Amino acid sequence: MFDHVTIRVSDRPSAERFYETVLRTLGIEQTGGAFAEWDDFSLAEADGGNATTRRLHIGFAAPSREHVDEFWRAGTAAGYESDGEPGPRPQYSDDYYGAFLLDPDGNSVEAVHHGSLRNGGNVDHLWIRVSDVEASTRFYETVGPAAGFRVGSESAERTQFACVSGSFSVVAGEQPTENVHLAFSATDNETVDRFHREATAAGYRDNGAPGERAVYHKGYYAAFVLDPDGNNVEVVNHNR
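For clarity, every value in this text was computed on a predicted model and none was experimentally measured. (Residues numbered from 1 in each chain as written. Predicted model: local features only at pLDDT ≥ 70, side-chain atom pairs only at ≥ 80, totals over all residues. Heavy atoms only, no water.)

Draft legend 1. Structural view of the overall build of the chain. When helices and strands are counted, the chain shows four helices and 15 strands. Over its C-alpha trace the chain gives a radius of gyration of 17 Å, about what one expects of a compact globule, namely 18 Å for 240 residues. Projecting the C-alpha coordinates of the chain onto the three principal axes gives extents of approximately 50 × 40 × 35 Å. Across the 240 residues in the chain, those meeting the buried criterion constitute 53%. Considering only contacts within the chain whose residues lie at least 6 apart along the sequence, 62% involve residues at least 24 apart. Only carbon and sulfur atoms are counted for the fraction: they give 45% of the accessible area of the chain, which is about 10600 Å². Of the side-chain charges in the chain, 20 are positive and 38 negative, and the distance between the mean point of each set is 2 Å. (Helix = DSSP H or I, 4+ residues; strand = E, 2+ residues; numbered from the N terminus. Rg over C-alpha atoms; globule rule 2.2 N^0.38 Å. Buried < 20%, exposed > 50% of the residue type's maximum accessible area, 1.4 Å probe, protein only. Contact = heavy atoms within 4.5 Å. Areas by Shrake-Rupley, 256 points an atom, 1.4 Å probe, with all protein chains shown as cover. Lys, Arg positive; Asp, Glu negative; His and termini not counted. Charge placed at Lys NZ, Arg CZ, Asp CG, Glu CD.)

See below:
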């Protein structure tokens, strides 16, 4: 589902130590780059124009239940705060097994193993707390056809969006998630143009018109809009 997910952190060295410690237990190694990157997940330092990401829940795919256990053991042994011990969570699915830690900025980070893990990426799912579930659902329904996802399930408190593999949910919360960046893949530039055209025509805020961003790599063609809570949503064609 995700091309990449980027969060802003208040202290990059501290955040890197946390994610290096816990993601290594899942077989996820840092891949480098200008940002601290683990393939489809990356960190960037918060600055005057980009505040720290808060109140995000991110779940990483674990190859087995034993990997989930080791994720939690390694994190708590290193002094990081538990947000939920390893164990089954049947409220999500019969075979769902997860464990939770808090990163240095208080975001909830999970290792999860279940029967329908995301293929081809490390980020299995996100939960984004929103100020208005209905308004956020309308936004993501608008951009979903171009971004490649659809509504999977819907209730008054939560809407889940799904693709062939992976998911994210918008969830009711008194304090919404702030300053997360979600990017979705396209296979041609016209899909990027369509995403931006349809979102802005529906009244959503432009955050970067379609065009090449050679600062990332040659051929990187992307557009950006803001969701109702100000999170940055991108569709990108890498032209590779």
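Next comes the rest of the write-up.
Draft legend 2. Geometry of the sheet that holds strand S7 (residues 108-113). Spatial ordering of the open sheet is given by S5-S6-S7-S4-S8-S11-S10-S9, a layout of eight strands whose pairing is mixed. The open sheet has two edge strands, strand S5 (82-88) and strand S9 (150-154), and neither has a second partner. The mean angle between the axes of side-by-side strands here comes to 20°, regardless of whether they run parallel or antiparallel. Running at roughly 160° to strand S6 (residues 97-102), helix H1 (residues 12-23) makes contact with strand S4 (56-61), S6 and S7 of the sheet. Sheet strands in contact with helix H3 (residues 133-147) are strand S8 (123-130), S9, strand S10 (158-162) and strand S11 (167-172), and its direction is about 155° off that of S11. (Pairing = 2+ DSSP bridges. Axes fitted to C-alpha atoms, helices over the stretch in contact; angles between N-to-C directions.)

Draft legend 3. Geometry of the side chain of Thr137. Within the secondary structure, Thr137 sits in helix H3. Engagement of the side chain of Thr137 in a polar contact is seen with the side chain of Thr159, the distance being 2.8 Å. Beyond its immediate chain neighbours, meaning those up to four positions away, Thr137 contacts Glu154, Thr159, Phe161 and Val170. (Polar contact = N/O pair within 3.5 Å; in protein donor to acceptor, adjacent residues only side chain to side chain.)

Draft legend 4. Quick peek at the pattern of salt bridges. This structure, assessed with the given rule, holds nine salt bridges. A salt bridge links Arg8 to Asp47, with the shortest nitrogen-to-oxygen separation between them at 3.8 Å. A residue pair is termed long-range when its members are at least 10 positions apart, and Arg8 in strand S1 (residues 2-9) and Asp47 in the loop between strand S3 (41-45) and S4 qualify at 39 residues. By relative accessible area, which is 41% here, Asp47 ends up partly exposed. For the salt bridge of Glu134 with Arg138, the shortest nitrogen-to-oxygen distance reads 3.3 Å. Taken together, the positions of Glu134 and Arg138, both in helix H3 and four residues apart, correspond to about one turn of that helix. Residue classification places Glu134 among the exposed positions, given a relative accessible area of 56%. (Salt bridge = Lys/Arg side-chain N within 4 Å of Asp/Glu carboxyl O.)

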